[in-house]
Amino acid sequence: MANLVADLVSNTKPGSNRDARAAARLLAVQALYQMDIARTPLENIIREFVAHRLNVSIDGVDMPESDAVYFEKILRGVVENQTPIDRKIDDCLSENWHLARLDSTLRAILRCGVFELAYGGEAPMGVLVSQYTDIAHAFFDGPEGGMANALLDRVGQGVTYDANLSGTPSPE
C-alpha cells in the first residue's frame, strides 16, 4: 500500500487535479470497503472520510490533496447505480464466478472503476483502468490485479458515448 501511495504522490505534479482525483479514487475504494464490511451508512462514511481521512498521510506517506467533491461523486454514484454496476461486473466474470464470491476489497475496486467507466466520463478509459488496476495490485499479490485490469478493460470497451450528453459515457 505504501508503494501505491508513494506512486500517487510522485507520478504527477503536486497539487494537480490528476493527483487529487487519484487520491479520491483510492479513498473511495476504502470507503466502499468499509461500507460493505461495517455496514456504515453512506452519509456517515462521507462525513467520516471528509473529516478524518482526506488529506492525511497513509502508511507514513503524505497523500496529495484529495478532491473531496470527486470522492463523494464516486461514492454516491456507486450506491445509486449499484444494481446495474453489479450486473455489468457479473456479466464480465467467468461463468463459474459471481460478484458475491469476490473479496470485498476487489468488489469495491471494481464497483468504483465500473462506475467511472460507465457513468463518470471525466477521465480517459486507459487512465481509469490503469489507476484501478494499480489499486488492485496494491492490495493483492495474486491474480486479482490482472482480473481487475481485464474486467475494467472489457467494461470500458463496451461503453458507448451519447453525443447528446456532451461525450458522457453511458452503459450499453
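Since the model is a prediction, treat every value here as computed from it, not as a measurement.

Points about the overall build of the protein
Phase 1: When its secondary structure is counted, the protein shows eight helices and four strands.
Phase 2: Ordered by position from the N terminus, the helices and strands of the protein form the series α-α-α-β-β-α-α-α-α-α-β-β.
Phase 3: For the protein, with 172 residues in total, the buried portion stands at 47%.
Phase 4: The long-range fraction of contacts in the protein, counting pairs at least 24 apart against all pairs at least 6 apart in sequence, stands at 67%.
Phase 5: Per element, the accessible surface of the protein, about 8,700 Å² overall, is 48% carbon and sulfur.

Overview of the side chain of Gln131
Phase 1: In this structure, Gln131 sits in helix α7 (residues 125–139).
Phase 2: With residues up to four places along the chain from it excluded, the contact list for Gln131 reads Ala22 and Arg25.

Focus: the nonpolar core
Phase 1: Among the nonpolar cores identified, the biggest contains 43 residues, and Phe71, Leu75, Tyr132 and Leu151 are the most heavily contacted of them.
Phase 2: When contributions to this core are tallied by element, the ones reaching two or more residues are α2 (17–38), α3 (42–52), α4 (68–80), α5 (82–92), α6 (104–120), α7 and α8 (144–158).
Phase 3: Not counting residues up to four positions away in its chain, the partners in contact with Phe71 are Ala24, Leu27, Ala28, Ala31, Ile46, Phe49, Val50 and Leu54.

Some remarks on α8
Note that an α-helix has 3.6 residues per turn; residues three or four places apart therefore point the same way.
Phase 1: End to end, α8 covers 21 Å across 15 residues, agreeing with the expected 21 Å (1.5 Å per residue, within 8%).
Phase 2: Every buried residue belonging to α8 is among Gly145, Ala148, Leu151, Leu152, Val155 and Gly156, and all of these are buried. Looking down the long axis of α8, one finds its buried residues gathered within 135° of arc, a one-sided arrangement. Of the residues in α8, the exposed ones pointing more than 90 degrees away from the buried face are Arg154 and Gln157.
Phase 3: The inward-facing, buried residues of α8 contact α5, α6 and α7.

Quick look at the confidence of the model for the protein
Phase 1: Mean pLDDT over the protein: 81, with 75% of residues reaching 70 or higher.
Phase 2: Averaged over each element, pLDDT in the protein is lowest for strand β4 (residues 169–170) (46) and highest for α6 (95).
Phase 3: Segment residues 8–15 is flagged for pLDDT under 50; beyond a separation of four residues in sequence, or across chains, it makes 14 contacts in the model.
Phase 4: Confidence over residues 161–172 falls short of pLDDT 50; this stretch has 23 contacts with residues more than four positions distant or in other chains.

Some thoughts on the pattern of salt bridges
Phase 1: As enumerated under the stated definition, the model contains seven salt bridges in all.
Phase 2: Among the salt bridges present, the one from Asp67 reaches Arg21, with a minimum N-O distance of 3.0 Å. Of this pair, Asp67 sits in the loop between β2 (61–62) and α4 while Arg21 sits in helix α2, placing them 46 residues apart in sequence. Each member of the pair, Asp67 as well as Arg21, is classed as buried.
Phase 3: Taking the shortest distance from any N to any O, the salt bridge between Arg107 and Asp36 comes out at 2.7 Å. In this pair, Arg107 sits in helix α6 while Asp36 sits in helix α2, placing the two residues 71 residues apart along the sequence.
Phase 4: Owing to a relative accessible area of 17%, Asp36 belongs among the buried residues under this scheme.
Phase 5: Taken together, the shared-partner salt bridges in this structure form one network comprising Asp36, Arg39 and Arg107.

Observations regarding the packing of aromatic side chains
Phase 1: Under the criterion given, the structure shown has two aromatic pairs.
Phase 2: A cation over a ring is seen here: Arg21 above Tyr70, with NZ or CZ 3.9 Å from the ring centre.
Phase 3: Over the face of the ring belonging to Trp97 we find Arg101, whose NZ or CZ atom lies 3.8 Å from the ring centre.

Some words on unusual backbone geometry
Phase 1: Of note, the phi angle at Arg39 is positive, near 60°, even though the residue is not glycine.
Phase 2: According to the relative accessible area criterion, Arg39 is exposed, its value standing at 63%.

About the thresholds
- Each chain has its residues counted from 1, following the order in which its sequence is written.
- The predicted nature of this model means local features are confined to residues of pLDDT at least 70 and side-chain atom pairs, given and counted, to a pLDDT of 80 or more, with totals for whole chains, interfaces and linings taken over all residues.
- Excluded from the side-chain calculations are hydrogens and water; all other atoms, namely the structure's heavy atoms, are used.
- Secondary structure follows DSSP: runs of H or I at least 4 residues long count as helices, runs of E at least 2 residues long count as strands, and numbering of each begins at the N terminus.
- Here's how the labels work: a residue is buried when its accessible area is under 20% of the maximum for its type, exposed when over 50%, partly exposed in between, all with a 1.4 Å probe on protein chains only.
- We call two residues in contact when some of their heavy atoms are within 4.5 Å.
- Using a 1.4 Å probe, the Shrake-Rupley method yields the accessible areas, and only the shown protein chains count as cover for residues.
- Working definition of a nonpolar core: buried Ala, Val, Leu, Ile, Met, Phe, Trp, Tyr and Cys residues. They are joined through side-chain atoms within 4.5 Å.
- To estimate the expected span of a helix, count its residues, drop one, and scale the result by 1.5 Å.
- Relevant arc is that of directions from the helix axis to the C-beta atoms, nothing else.
- For every residue, the predictor reports its confidence as pLDDT, a number between 0 and 100.
- Between Lys or Arg on one side and Asp or Glu on the other, a salt bridge is scored when a side-chain nitrogen of the former is within 4 Å of a carboxyl oxygen of the latter.
- Each pair of aromatic rings taken from Phe, Tyr and Trp, with Trp reduced to its six-membered ring, is defined by centres within 6.5 Å and is described as stacked if the planes are under 30 degrees apart, edge-to-face if over 60, and tilted in the remaining cases.
- Two thresholds decide whether a charge sits over a ring: the Lys NZ or Arg CZ must be within 6 Å of the ring centre and within 35 degrees of the ring normal.

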